[in-house]
Amino acid sequence: MSYVLKWGNGTWIKGALLGLGIGMAVLLIFWRMLGEGAFLNYYSPMLGYYVLLSICQSHYFKRQPIPDMGGLFRQFVSIFGAVVIFFVNQAIMINVFGVPEIAHPVLDHGGIIMTGHFSFIVFGFFIYGFDDFMFKGKLVGWMKNDVAKAFFWYVIIWVLWAFLFYGYVGNGYSAEKFQGGDMDQLLAISQWVIIMSLLYALVFKDWLPVLQKKLRMGNDYLYGAFLFAAAIVIGAAIAYLCYAVLPHIAPWEEPLTTGERWHRVLYMGTYPLTPAVLLGLYSSNFSSTNSAGWRVVKRLLVLVPAIILSYFFFHLVIAQPELLPNWISPGLLDEGMGIFHQEGGWYHQLDLYFNFTVSIIPLTHHWFCGRWGFMKKVEEGTSP
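Calculation notes
Residues numbered from 1 in each chain as written. Predicted model: local features only at pLDDT ≥ 70, side-chain atom pairs only at ≥ 80, totals over all residues. Heavy atoms only, no water. Helix = DSSP H or I, 4+ residues; strand = E, 2+ residues; numbered from the N terminus. Rg over C-alpha atoms; globule rule 2.2 N^0.38 Å. Buried < 20%, exposed > 50% of the residue type's maximum accessible area, 1.4 Å probe, protein only. Contact = heavy atoms within 4.5 Å. Areas by Shrake-Rupley, 256 points an atom, 1.4 Å probe, with all protein chains shown as cover. Lys, Arg positive; Asp, Glu negative; His and termini not counted. Charge placed at Lys NZ, Arg CZ, Asp CG, Glu CD. Core = buried A, V, L, I, M, F, W, Y, C linked by side-chain atoms within 4.5 Å. Phe/Tyr/Trp six-rings, centres within 6.5 Å; stacked < 30°, edge-to-face > 60°. Lys NZ or Arg CZ within 6 Å of the ring centre and 35° of its normal. Polar contact = N/O pair within 3.5 Å; in protein donor to acceptor, adjacent residues only side chain to side chain. Expected span 1.5 Å × (residues − 1). Bend = angle between axes of the 7 residues up to and from the residue. 1 Å grid on protein atoms, 1.4 Å probe; cavity = no way out; pocket = protein on both sides within 12 Å on 5 of 7 lines; lining within 4 Å. Points joined across faces, edges and corners; volume = space filled by probe spheres on them. Nonpolar A, V, L, I, M, F, W, Y, C, P; charged D, E, K, R; others polar. Salt bridge = Lys/Arg side-chain N within 4 Å of Asp/Glu carboxyl O.

A. Region of the structure containing the overall build of the chain. Helix and strand counts for the chain stand at 12 helices and two strands. Against the 2.2 N^0.38 benchmark of 21 Å for 384 residues, the chain shows a C-alpha radius of gyration of 21 Å, consistent with a compact globule. Seen along its three principal axes, the alpha-carbon backbone of the chain occupies a region of about 60 × 55 × 40 Å. Here the chain holds 384 residues, and the buried ones make up 51% of them. Long-range pairs, those at least 24 residues apart, make up 74% of the contacts in the chain with a sequence separation of at least 6. With the model as given, the accessible surface of the chain reaches about 18300 Å², and the carbon-plus-sulfur share is 68%. The average position of the 23 basic charges and that of the 22 acidic charges among the side chains of the chain differ by 19 Å.

As C-alpha cells, then:
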C-alpha cells in the first residue's frame, strides 16, 4: 500500500488554499485585533521561533510520513515551544550577554534586541537543516539520542550568534558600535543561503546523487562541504542580484540607504518559500521525467516565474490593490485598500510574515501529518 496525491498535479491549488486560509486568518487576528505593537513585539519573533522548532522537529524528531492527524500535537509543541524559547532567549541576551536595550517607538526592548532574535532565528533555520540536506545526517550521526542532537545544534546556534551578531559583524554588545546595516546584509545573504538549502531538498534532491557521482566525490563529508560552499556562493550571488535590481522594481520609492536595501533583500528572500513547498510537496514535481537533470530544469522553469509572480501578487493584490488601477486611471481607487492597511509604501509591507505564515502551514502539515486529506491510498503496482 502506498499513497499518491489525491488531485494529482492540481493538489497544489488545495495546498495553497490551506496555507492562505489558515495563514491569513492568523495574520489578520494578530495584526488587526492586537495591533502593530503586539504584532511586532510578539508575533514577529515567535513566528520565527515556531518555524525554527518545526524545522528541528522535522529533522530530529521524525515521524513516519503516513497521512493521519496523529502528529497534530507537534504543531502545539512548536507553538508553545516558540513562546518559551522567545522569553528564554531574550533573558539570555539581556541578562547574560548584556545586549543593550534602547528606546524604540514600537519595540519594547529596542531594535538591537529584536535584531538579536532574528539573527538567532535565521542562523537556526540553516543550522537545523544543513546536516541532513548536505551531509546526509552524518555530522551528528554518532549521537544516538534525538534530544541530544537538537540541544547540540541549539548550542551551536548560540556560538554562531555570539560570533556574528554579538561580536564580529554586528557588535551587538554596544549601542554605540552596533552595525545594523552590516547585520541586514548578513541576514539577507543568509536568507538566500537558506533558500538554497531548501531547494536542495525540494528541487535538486534526486539530481544531487548524480552530481556526486559525476564529481567523483565518494566521501560524503567532502561532498557535503562542496554543497555547503555552493549554497553560500549561489545564495550570495542571488542576494547581490536582488540588491542591484531592487531600486528598479519600485523606482517611485524614496531612495533607500544601503542597510534598508539589504533589509528589503532579506524580505525578498522569503518569496521562494510558498512556490517551492507547493511545487515540491503538493505536485508531482515532474517525477515522470526520466532524466534527473531535466526534472531539475523543468522545476526551475516553473519555480522562478512563480516566485516573481508571487512577489507582485502580494504587492499588487494583497498589499496595495489600488496601485495598478490608479496608475492606469489616477484617483480611480482610494489609497490604503490593502488587507493589512499598512502605511509606508511598496517596501514597507508585511511580506516576510505573510510568506512565512502561508508557506509553513502546508509544510508542517507534510512534516507532522503526512499531508492528511491531500493523499489517497493506492495498491502497489497500480497507477494512481
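Resuming the write-up.
B. Main features of the nonpolar core. Ranked by size, the top nonpolar core spans 112 residues in total, and within it Y49, F120, Y128, Y200, V265 and Y353 carry the most contacts. Top element by residues in this core is helix α1 (residues 11-60). It accounts for 16 residues. With sequence-adjacent residues up to four places away left out, Y353 is seen in contact with L27, F39, L40, S44, L47, F118 and Y267.

C. Local environment of the packing of aromatic side chains. Tallying each qualifying case throughout the model produces 40 aromatic pairs. With centroids separated by 6.2 Å and ring planes inclined at 50°, the aromatic side chains of F204 and W207 adopt a geometry described as tilted. Ring plane angle 85° and centroid distance 5.3 Å describe the contact between Y282 and F374, whose orientation is recorded as edge-to-face. With Y282 in the loop between α9 (273-281) and α10 (292-319) and F374 in the loop between α12 (351-369) and β2 (375-378), this pair connects stretches of sequence that are 92 residues apart. Of the two residues, Y282 and F374, both sit in the buried class. These aromatic residues form a ring-pair network of at least three members: Y49, F97, F120, F151, Y154, W158, W161, F165, Y166, Y173 and F178. Stacked on the ring of W7, the Lys or Arg K14 has its end atom at 4.7 Å from the ring centre. Positioned over the ring face of Y243 is R261, at 3.8 Å from the centre of the ring.

D. Quick peek at the environment of F39. Inspection of the secondary structure assignment puts F39 in helix α1. Given the relative accessible area of 0%, F39 is considered buried. Sequence spacing of F39 and I29 is 10 residues, and the spatial spacing of their C-alpha atoms is 9.5 Å. Every residue in contact with F39, bar those within four places of it in the chain, is listed here: L27, F30, W31, S44, L350 and Y353.

E. Expanded view of the side chain of N171. Following the sequence through the fold, N171 ends up in the loop between α4 (146-168) and α5 (180-202). By relative accessible area, which is 18% here, N171 ends up buried. In this structure the side chain of N171 is engaged in a polar contact, spanning 3.3 Å, whose partner is the backbone oxygen of K177. For N171, the contacting residues outside a window of four places in its chain are F165, Y166, K177, F178 and Q179.

F. Broad picture of α10. Under the 1.5 Å per step criterion, the end-to-end length of α10 is 38 Å for 28 residues, consistent within 8% with the ideal 40 Å. F313 marks where α10 bends most, by close to 30°. Turning to α10, its buried residues number three or more, namely A292, R295, V296, R299, L303, I307, S310, Y311, F314, H315, I318 and A319. The elements touched by buried residues of α10 are α5, α6 (208-215), α7 (220-249), α8 (258-268), α9 and α12.

G. Empty space enclosed by the protein, seen in detail. Enumeration according to the criterion identifies two cavities of 30 Å³ or more in this entry. As a volume, the largest cavity reaches approximately 110 Å³. Lining the largest cavity, in full, are S44, L47, G48, F118, I121, V122, F125, Q191, L266, L352, Y353 and F356. No other element matches helix α3 (residues 111-135), which puts four residues into the lining of the largest cavity. The class makeup of the residues in the lining of the largest cavity is nine nonpolar, three polar and no charged. Of the pockets and cavities examined, the second largest cavity occupies roughly 40 Å³. Taken together, R264, Y267, M268, Y311, H315, Y347 and D351 make up the full set of residues lining the second largest cavity.

H. Main features of the pattern of salt bridges. A full pass over the atoms with the stated rule returns six salt bridges. With its nearest N and O atoms 2.9 Å apart, the salt bridge here joins R295 to D206. You can see R295 sitting in helix α10 and its partner D206 sitting in the loop between α5 and α6, a full 89 residues away along the chain.

I. Quick look at α7. When the terminal C-alpha atoms of α7 are compared, their 41 Å separation across 30 residues agrees well with the 44 Å that a helix rising 1.5 Å per residue should span. A bend of about 30° at Y243 is the largest found in α7, and the proline P247 appears one to four places after it. Sitting at the head of α7, N219 places a side-chain oxygen 2.8 Å from the backbone nitrogen of Y221.

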